[in-house]
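A look at the structure
Take a look at the letters that make up each chain.
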Amino acid sequence: VEIHANAITTLLEQSYLKQLAPGRQRVVVLIVSLLVALLCLRFSPTLAPVLSSLVIVGYISVACLVFFPRGWWFPIVSPVAGALLTLGAVEIVDFIVEGREKRRLRELFKRYVNDQVIEKILQMPEALALRGERKRVTILFADIRDYTSRSEAAPAEAVVGELNCFFTAMVKVIQEHNGMVDKFIGDAIMAIFGAPVEDADAAFHGVQAALAMSAALRQLNRENARRGAEPISIGIGIHTGEAVIGNIGSAQKMEYTAIGDAVNVASRIQGLTRNFDTEILISGETFKALGGRIP
């Protein structure tokens, strides 16, 4: 009876429901889907589904509560299905791209920093400016003294084995103090503190690392003495300043490194350790940054 009554009322009042033309229906589906896609691209993977759900609910509410009482029947299934398919497709693409980007970052930094720092990088990749940025960092250079003449008189296998033992011990210490091993230059090491992850205590960690390197070298020399090998002596130079940090190189070979006066000054300070007959020498900038925390 109710259906008949509604049908008779519709005929008497001529209040027929008006349906959108097929072309306009497709436009509505396209607009809703594009809006969801825009939200997915603009916001994080956790926030985008929430906002997309609000768009879908908002569209259904407007179609049912605004247009239907005015005699317009707006399609529900096709726009909602289009929005859900768009949301699913974008989320899947984001997941694949994010996974690939994380693998790329892990591959790029695994030889520079420890696993804890890599995890921080993966959690906030947007904080990295691989194309280049100016940052205040602490640069450390450590060089084995008189190793060139020493290596010329020793077999190649012994030289490589000794250097590998030395570098293994030093790299472990540097990474334990939030440092990034930038490169090996012959028998020297260059390390950066304060990149790629921001570190407000970069100078403090750099000097701590130098002291720990000195302690690790003493242990290494005790082991060398038991094997009858000559002891190793090093000079460590540290400077704090602004440097350009980023991926530098060619399409065939590229390195995440630092360049600038701060790097040159740190290298020259390391060379002065011999003049001052000391193992560790730091610049005034690094000394100020320590704030008296290390005697």
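Read on for an overview of the structure.

About the cut-offs
- Residues numbered from 1 in each chain as written.
- Predicted model: local features only at pLDDT ≥ 70, side-chain atom pairs only at ≥ 80, totals over all residues.
- Heavy atoms only, no water.
- Helix = DSSP H or I, 4+ residues; strand = E, 2+ residues; numbered from the N terminus.
- Buried < 20%, exposed > 50% of the residue type's maximum accessible area, 1.4 Å probe, protein only.
- Contact = heavy atoms within 4.5 Å.
- Areas by Shrake-Rupley, 256 points an atom, 1.4 Å probe, with all protein chains shown as cover.

This part covers the overall build of the chain. Of the regular secondary structure elements, the chain holds 10 helices and eight strands. Counting only residues that meet the buried cut, the chain has 40% of its 295 residues in that class. Restricting the contact set of the chain to residue pairs at least 6 apart, pairs at least 24 apart contribute 67%. Total accessible area on the chain stands at roughly 17,400 Å², and carbon and sulfur atoms take up 61% of it.

A few words now on unusual backbone geometry. Here D146, not a glycine, exhibits a phi torsion of approximately 55°, which is positive. For D146, the position within the fold is in the loop between β3 (133–144) and α6 (147–152). Using a relative accessible area of 48% as the deciding quantity, one classes D146 as partly exposed. For N178, which is not glycine, the phi dihedral falls at a positive 65°. Among the structural elements, N178 can be located in the loop between α7 (156–176) and β4 (179–185). Take N178: its relative accessible area is 35%, and that puts it in the partly exposed class.

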